[in-house]
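Listed below, chain by chain, are the residues.
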Amino acid sequence: MSTQASNTRSESTADPAAQLDVLGDDCARTILIATSEGPKTAKELTERTESSSATVYRRINNLLESDLIEECVRFEDDGSHTTAYESTVDVLQVRIDADGINVAVAERDS
């Protein structure tokens, strides 16, 4: 199996508050962890989270909008392909100080 990433976002819409909101959800955190291990399909993520497919797709959309995962194409050995999702995050740091809350994201090397 091989993967080829193809970014589907036209511009970054990452907002620290939105990223924290997304990460407040257990299903979204599970998806982010699973996709950090390599590309996963929505079906694989549904099985991993034990959530409904509708819930998983909503969380996937939230993670995409927050720039925490990206959509890619996964090519199988038999020549077929499917849409998969992969984490873009290597390290995420949250700093709280007098200036407010700062979220710093170190992205994975492509």
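Conventions used here
- Residues numbered from 1 in each chain as written.
- Predicted model: local features only at pLDDT ≥ 70, side-chain atom pairs only at ≥ 80, totals over all residues.
- Heavy atoms only, no water.
- Helix = DSSP H or I, 4+ residues; strand = E, 2+ residues; numbered from the N terminus.
- Contact = heavy atoms within 4.5 Å.
- Areas by Shrake-Rupley, 256 points an atom, 1.4 Å probe, with all protein chains shown as cover.
- Salt bridge = Lys/Arg side-chain N within 4 Å of Asp/Glu carboxyl O.
- Buried < 20%, exposed > 50% of the residue type's maximum accessible area, 1.4 Å probe, protein only.

**Focus on the overall build of the chain**
Here is step 1 of the chain: Scanning the chain from N- to C-terminus turns up four helices and five strands.
Here is step 2 of the chain: Along the chain, from the amino end to the carboxyl end, the secondary structure elements read β-α-α-α-α-β-β-β-β.
Here is step 3 of the chain: When contacts within the chain are restricted to residue pairs at least 6 apart in sequence, long-range pairs at least 24 apart make up 51% of them.
Here is step 4 of the chain: For the chain, the accessible area works out to roughly 6700 Å², and carbon and sulfur atoms hold 44% of it.

**Re the pattern of salt bridges**
Here is step 1 of the chain: With the rule as written, the count across this model stands at six salt bridges.
Here is step 2 of the chain: In this structure, the salt-bridge partner of D25 is R59, at a minimum N-O distance of 2.9 Å. Taken together, the residues D25 in the loop between helix 1 (16-23) and helix 2 (26-36) and R59 in helix 4 (residues 53-65) connect sequence positions 34 residues apart.
Here is step 3 of the chain: You can call D25 partly exposed: its relative accessible area is 23%.
Here is step 4 of the chain: Measuring nitrogen to oxygen at the nearest pair gives 3.2 Å for the salt bridge that ties E76 to R74.
Here is step 5 of the chain: Judged by its relative accessible area of 28%, E76 is partly exposed.
Here is step 6 of the chain: Given a relative accessible area of 7%, R74 falls into the buried group.
Here is step 7 of the chain: Overlapping salt bridges bring together E44, R74 and E76 as one network.

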